Amino acid sequence: MEVIKTIEKMKEFSFQARRAGKTIALVPTMGFFHEGHLSLMREGRKRGDLLIISLFVNPAQFGPNEDFKSYPRDFERDRKMAEEVGVDVLFAPEASDMYPPNHQTVVRVEKVTQNLCGRSRPTHFQGVTTVVMMLFEIVMPHVAIFGEKDYQQLVTIQQMTRDLHMSVEVVGLPTVREADGLAMSSRNTYLMPEERKAALSLYRSLQKAKELLQKGERKADRILQEVKGILQSEPLVKIDYVQVCDAHTLQDVDRIEGDVAVALAAYLGKTRLIDNLVYRPL
Ligand code: AMP
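Given the structure is predicted, the values throughout are model-derived calculations rather than measurements.

Enquirer: Help me out: how do you make sense of the site of the ligand in this one?
Expert: Taken together, 18 residues sit near the ligand, with Met30, His37, Asp150, Val176 and Met184 positioned nearest. A distance of 2.9 Å separates an oxygen atom of the ligand from a polar atom in the backbone of Gly147. Contact between the ligand and Asp150: an oxygen atom at 2.6 Å from a side-chain N or O atom of the residue. Relative to its unbound accessible area of 480 Å², the ligand is 93% covered by the protein chains. For the shell around the ligand, the elements supplying multiple residues, two or more each, are β2 (24-29), α2 (35-47) and β5 (143-147). Of the residues forming the shell around the ligand, the biggest block, three residues, is contributed by α2. Per-class residue counts for the shell around the ligand are eight nonpolar, eight polar and two charged.

Shown next, in the form of structure tokens:
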């Protein structure tokens, strides 16, 4: 596996690869890998002649009071894990190269970023789409792979690539969970043991939502009530939001008629976790 740290070298690599007729798969990440990241890489390994992953803790997607500084980082560990999965290139640019002093351009997707996490993190998605756009320009992938764990992010990137007629295919993969159901996240490392236990209620509440939907419940209110009830029964969980929305537009729905996402965010102490359930009634 090659480690590339400069934008110039990465562009040159991809340019040559494309010229040689190779298909490039990209998995963008912020590192501190877990099985969720590795599942995306394995899929990328299948879909591309070349698998490139980016490791960049993107300052632009963190709010001023968020965890940019304390975000877990371990380059050596990540490098080894990526190598074991068969990554060809680990691209790890410097923030000062990605955002040089006179940088002044952003990519902003409108409607799908406004609800859910967009309410409590107003500049987050703009940070995400801007960096993903840069990564696509630098790495020039044919296919890019993202997790449904960050469902709003996936929908936003799909919207961006459609709206801007970009030629990269965006693929979403299911959330990978711990044995007990907690969605894997680099931020889980922040949790104290009692918080880790209480965090399981996020998964439990979504399982309840799934059960209700499968039994034919079609009122969003009923589902919200049950999900919130389960979360509120855990004193260590503080709800940021729980919403039932259209899985494509991400607008809230009152009745479940098509595909929906039950999405939630909650604090455990200072740690903010998100999870979701995408339900497709067929
Ligand atoms: P991050 O490093 O947290 O920015 O995540 C990088 C990519 O991995 C994103 O596309 C995430 O949606 C995806 N991802 C994170 N956690 C999981 C998970 N538990 N299961 C599947 N994909 C995930």
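Back to the text.
Enquirer: Before we go on, may I ask you to explain the side chain of Gln61 in this structure?
Expert: With respect to the helices and strands, Gln61 occurs in the loop between β3 (50-55) and α3 (75-85). Every residue in contact with Gln61, bar those within four places of it in the chain, is listed here: Met30, Glu66, Arg121, His124, Gly127, Val128 and Val131.

Enquirer: What am I meant to see in the sheet that holds strand β8 (residues 260-268) here?
Expert: Sheets are built from strands that pair by backbone hydrogen bonding, the pairs being arranged parallel or antiparallel. The three strands lie next to each other as β7-β8-β9, forming an open sheet whose pairing is antiparallel. The two strands at the open ends of the sheet, each matched to only one other strand, are β7 (237-246) and β9 (271-279). Neighbour to neighbour, the strand axes of the sheet diverge by 15 degrees on average, direction disregarded. Lying over the sheet, helix α9 (residues 220-232) contacts β7 and β8, oriented at roughly 160 degrees with respect to β7.

Enquirer: Mind showing me how you'd approach the pairing of strand β6 (residues 169-173) here?
Expert: In regular strands, side chains alternate between the two faces of the sheet. Two strands pair when backbone bridges link them, and β5 and β6 are joined in this way by five bridges, in the parallel orientation. What sits directly across from Ala144, in β6, is Val170.

The rules behind the values
Residues numbered from 1 in each chain as written. Predicted model: local features only at pLDDT ≥ 70, side-chain atom pairs only at ≥ 80, totals over all residues. Heavy atoms only, no water. Near = heavy atom within 4 Å. Polar contact = N/O pair within 3.5 Å; in protein donor to acceptor, adjacent residues only side chain to side chain. Areas by Shrake-Rupley, 256 points an atom, 1.4 Å probe, with all protein chains shown as cover. Helix = DSSP H or I, 4+ residues; strand = E, 2+ residues; numbered from the N terminus. Nonpolar A, V, L, I, M, F, W, Y, C, P; charged D, E, K, R; others polar. Contact = heavy atoms within 4.5 Å. Pairing = 2+ DSSP bridges. Axes fitted to C-alpha atoms, helices over the stretch in contact; angles between N-to-C directions.

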